[in-house]
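# Observations on the model geometry
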Amino acid sequence: MSMDGSPEEVVPVLKKLHAAGKGVVGMKIIGEGRLRNDDARRDESVKFVLGLGCVHILDVGFESVNEIDDFAARVRKVPVA
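Owing to the predicted nature of the structure, the values given are computational and were not obtained by experimental measurement.

### Re the pattern of salt bridges
- This model, assessed by the stated rule, comprises 10 salt bridges.
- Across the salt bridge formed by Arg 36 and Glu 63, the nearest N and O atoms sit 3.7 Å from each other. Remark: Glu 63 occurs in the loop between strand E2 (57-59) and helix H3 (65-77) and Arg 36 occurs in the loop between strand E1 (25-27) and helix H2 (39-51); sequence separation between them is 27 residues.
- Look at Glu 63 and you get exposed, because its relative accessible area is 66%.
- We note a salt bridge from Asp 70 to Arg 74, for which the minimum N-O separation is 2.7 Å. Placement of the pair is Asp 70 and Arg 74 together in helix H3, with a separation of 4 residues, close to one helical turn.
- A relative accessible area of 29% means that Asp 70 is categorised as partly exposed.

### Comments concerning unusual backbone geometry
- One non-glycine residue, Lys 28, lies in the positive phi region at around 55°.
- Locating Lys 28 in the fold gives a position in the loop between E1 and H2.
- Its relative accessible area of 43% is what places Lys 28 among the partly exposed residues.
- Despite not being glycine, Glu 32 has its phi angle at roughly 55°, a positive value.
- Here Glu 32 lies in the loop between E1 and H2.

### Remarks on the side chain of Arg 42
- When you line up the elements, Arg 42 lands in helix H2.
- Overall, Arg 42 belongs to the buried group, its relative accessible area being 8%.
- A distance of 3.2 Å separates a polar atom in the side chain of Arg 42 from the backbone oxygen of Leu 35.
- With residues near it in sequence (within four places) discarded, Arg 42 still touches Ile 30, Leu 35, Arg 36, Asn 37, Asp 70 and Arg 74.

### Describing a nonpolar patch on the surface
- A surface patch of nonpolar side chains, amounting to about 290 Å² of accessible area, comprises Val 25, Met 27 and Ile 57.
- Topologically, Val 25 is positioned in strand E1.
- A residue is classified by how much of its surface remains accessible, and Val 25, at 46% relative accessible area, is partly exposed.

Criteria and cut-off values
Residues numbered from 1 in each chain as written. Predicted model: local features only at pLDDT ≥ 70, side-chain atom pairs only at ≥ 80, totals over all residues. Heavy atoms only, no water. Salt bridge = Lys/Arg side-chain N within 4 Å of Asp/Glu carboxyl O. Helix = DSSP H or I, 4+ residues; strand = E, 2+ residues; numbered from the N terminus. Buried < 20%, exposed > 50% of the residue type's maximum accessible area, 1.4 Å probe, protein only. Polar contact = N/O pair within 3.5 Å; in protein donor to acceptor, adjacent residues only side chain to side chain. Contact = heavy atoms within 4.5 Å. Patch = residues over 30% accessible without salt bridge, like charges linked within 9 Å, V, L, I, M, F, W, Y side chains within 5 Å. Areas by Shrake-Rupley, 256 points an atom, 1.4 Å probe, with all protein chains shown as cover.

Such coordinate-based values are descriptive only and should not be taken to indicate function.
Written out as C-alpha cells, the structure reads:
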C-alpha cells in the first residue's frame, strides 16, 4: 500500500539488501493507518511482510494499548518458517 513500487519491484531489492547483510525495516505495514478498520487486510499485510524472510524489524505506530495487543496477536498467527 505504501511501497516505493510494486511488490514485484521492491521485494527483490529487499532480499538483495538482506543477502548483503543490510538491515531491512518494515515500516507502515498497516498502510499509515488506512487498514486500521480492515481485519483481513491487516492480517494479509502482516503475513506478507513476515513471510518475506528478509525483514529484520517492524516499525508500527499505535494509538492505544489495545492496538499493540491486536498487532501482537496478528504476528503470533503467522507460522514461523
